[in-house]
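Each chain is listed here by its residues.
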Amino acid sequence: MKKLISKSLNQAIDYKSYRKNVKSLLAEGKSTGATQSESLLHYSKLNDTRMNRLDKTTQLDEELVKIVSNLPRKFTLLTISEGWCGDAAHVLPVLNKISENTEKLDLKIVGRDENDILMNQFLTNGSKSIPKVIVLDEANEVHSTWGPRPSTATKMVNHFKETHGKIDADFKKDLQLWYNKDKGKTIQKDLKGLFLVS
């Protein structure tokens, strides 16, 4: 596992480079990842707009900033993502804002499709759900994981799947509305719980 983590970290990029890469691909009419389609391109464009907005509007929870700033050691948030992922579009700006506000956290991002072996080590209920945040300590040991979405959104998805079998376009709209209203608060609440036990 340690060799795999090290290899992934060597390929990882920071948030600014990730955003730049997504925008460059969009300019070429492409999305990130191995699969190209009109729908993935459409979602990538939507997500780029969302992330532009969230980069400007995300407000941090002061308690969370205090918790992570007082961590006894540094951590890397190795995050598996893709530009077309709606959940990632809401999660990554929050992770970036937090890591910008403390020297204790370093956000690094890798593509899911380019890192299939890594992704397979961190499945969610057997699926390659993203974003997946792998919290690494200074020795690059896995401290904990988080994702692919905030706890409340996870409950919403699970309930809908139990009731209807699978998520549909209408539910995806409802989920985006929830994200918009929540403004990253649940993500931050979840992360507080993650780091309070560090």
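Described in the following lines is the structure provided in the data block.

1. A word on the sheet that holds strand β1 (residues 75-81)
One open sheet accounts for four strands, arranged β2-β1-β3-β4; its pairing is mixed. Every interior strand has two partners, whereas the edge strands, β2 (105-111) and β4 (142-146), have only one. Adjacent strand axes in the sheet meet at a mean angle of 20 degrees when their direction is disregarded. One ladder, built from four bridges, connects strand β3 (residues 132-136) with β4; its direction is antiparallel. Counted as the bridge partner of L136 is V142 from β4. Across the sheet, helix α1 (residues 2-11) lies against β1, β2, β3 and β4, angled at about 75 degrees from β1, the strand it touches most. The strands that helix α5 (residues 86-100) touches are β1, β2, β3 and β4; relative to β2, the one it contacts most, it runs at about 150 degrees.

2. Some thoughts on the pairing of β3
With five of five residues buried, β3 lies mostly within the body of the structure. With burial as the criterion, each face of β3 is covered, one bearing K132, I134 and L136 and the other bearing V133 and V135. Inspection of the sheet shows β1 paired to β3 by five bridges, in the antiparallel sense. Bridging across to β3, T79 finds its partner in V133. The hairpin turn running from β3 into β4, its antiparallel successor, is five residues long, and N140 in that turn takes a positive phi close to 60 degrees.

3. A word on the packing of aromatic side chains
The tally for this structure, following the rule as stated, stands at three aromatic pairs. Relative to Y179, the ring of W178 has its centre 5.2 Å away and its plane inclined at 65 degrees; by these criteria the two rings are edge-to-face. The pair formed by W178 and Y179 is uniform in burial state, with each residue classed as buried.

4. Describing the layout of surface pockets
Left-over empty space is what a probe sized like a water molecule reveals as it rolls over the atoms. When its volume is computed, the largest pocket comes out at roughly 840 Å³. Considering the residues around the largest pocket, the lining is formed by 29 residues, among which G86, D87, R149, I167 and K172 are closest to the centre. In terms of residue count, the dominant contributor to the lining of the largest pocket is helix α8 (residues 169-182) (six residues). Among the residues forming the lining of the largest pocket, the class breakdown is twelve nonpolar, nine polar and eight charged.

5. Some thoughts on the environment of N140
Within the element layout of this structure, N140 appears in the loop between β3 and β4. Note on N140: relative accessible area 22%, which makes it partly exposed. As for N140 and T76, which are separated by 64 residues in sequence, their C-alpha atoms are 8.0 Å apart.

Calculation rules
- Residues numbered from 1 in each chain as written.
- Predicted model: local features only at pLDDT ≥ 70, side-chain atom pairs only at ≥ 80, totals over all residues.
- Heavy atoms only, no water.
- Pairing = 2+ DSSP bridges.
- Helix = DSSP H or I, 4+ residues; strand = E, 2+ residues; numbered from the N terminus.
- Axes fitted to C-alpha atoms, helices over the stretch in contact; angles between N-to-C directions.
- Contact = heavy atoms within 4.5 Å.
- Buried < 20%, exposed > 50% of the residue type's maximum accessible area, 1.4 Å probe, protein only.
- Phe/Tyr/Trp six-rings, centres within 6.5 Å; stacked < 30°, edge-to-face > 60°.
- 1 Å grid on protein atoms, 1.4 Å probe; cavity = no way out; pocket = protein on both sides within 12 Å on 5 of 7 lines; lining within 4 Å.
- Points joined across faces, edges and corners; volume = space filled by probe spheres on them.
- Nonpolar A, V, L, I, M, F, W, Y, C, P; charged D, E, K, R; others polar.

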